[in-house]
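# Fold and contact review
Residue strings, one per chain:
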Amino acid sequence: QVRLVESGGGVVQAGGSLRLSCTASTRALSAYNMGWFRQAPGKERERVAAVNWISSNTDYADSVKGRFTISRDIIKSTVHLQMNSQKPEDTAVYYCTRQKERSGSHDYWGQGTPVTVSS
């Protein structure tokens, strides 16, 4: 069983910044992508960003490109999401996930951390 523990959520004004972190309880991440999804009230969960654990290649949703940056710390088994120039529409619960690189399936999720961006 792998645990993903998120931290860093909170309330920020529009234009501000927050940094989310997600620490995995395992160092066995070489065959995975680590990423973030978010779910706003009344909406479906959507992909935000992902990083390949070995190559560090990243991928972003169009809605956050140029504003959010995902990175990973291999030593600490931690993935970060730096969120800048935040907008009210970024308000959501943010979830960390581990994705199998070959199949694309997500096998573990964190409990979620809420982010509120006030206008």
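Quick note: structure is the one above.
This section reports on the structure supplied with the text.

What counts and what doesn't
- Residues take numbers from 1 onward in each chain, read along the sequence in its written order.
- With the structure being a predicted model, the display of local features is reserved for residues of pLDDT at least 70 and the display and counting of side-chain atom pairs for 80 or more, all residues being used for whole-chain, interface and lining totals.
- Hydrogens are left out, water is left out, and the side-chain values use all remaining heavy atoms of the structure.
- Only protein chains enter the calculation, and the probe is 1.4 Å; a residue is then buried if its accessible area is under 20% of its type maximum, exposed if over 50%, and partly exposed in between.
- The way it works is that DSSP assigns letters per residue, a run of H or I at least four long becomes a helix, a run of E at least two long becomes a strand, and they are numbered from the N terminus.
- Strands are labelled as partners when DSSP assigns at least two bridges between them.
- The axes are straight lines fitted to the C-alpha atoms, using for helices just the contacting stretch, and the angles between their N-to-C directions are given from 0 to 180°.
- Think of a salt bridge as a Lys or Arg side-chain nitrogen and an Asp or Glu carboxyl oxygen that are within 4 Å of each other.

### Observations regarding the pairing of strand E9 (residues 92–100)
Counting buried residues along E9, seven of its nine residues qualify, which places the element largely inside the surrounding structure. Where strand E4 (residues 32–39) meets E9, eight bridges bridge the pair, whose relative direction is antiparallel. For Asn-33, the partnering residue across the bridge sits in E9 and is Gln-99. Sheet analysis places E9 next to strand E11 (residues 113–118), joined by three bridges and oriented antiparallel. The residue of E11 that forms the bridge with Ala-92 is Val-115. Here E9 hands over to strand E10 (residues 106–109) after five residues, with Gly-104 in that stretch at a positive phi of 80 degrees.

### Remarks on the sheet that holds strand E1 (residues 4–7)
Strand order across the open sheet formed by four strands is E1-E3-E8-E7, with antiparallel pairing between neighbours. Two strands lie at the open edges of the sheet, namely E1 and strand E7 (68–73), each paired on one side alone. Averaged over all neighbouring strand pairs, the angle between strand axes comes to 15 degrees, with direction disregarded. Both E7 and strand E8 (residues 78–83) contribute to a ladder of six bridges, which runs antiparallel. Within E8, the position partnered with Asp-73 by the bridge is Thr-78.

### Notes on the pattern of salt bridges
Taken as a whole, this structure holds six salt bridges when the rule is applied. The partner of Arg-47 in a salt bridge is Asp-59, and the shortest N-O contact between them spans 2.8 Å. Placement of Arg-47 in strand E5 (residues 46–52) and of Asp-59 in strand E6 (residues 58–60) is noted, with a sequence separation of twelve residues between them. Among the charged side chains, a network of salt bridges with common partners joins Arg-38, Glu-46, Arg-67 and Asp-90.

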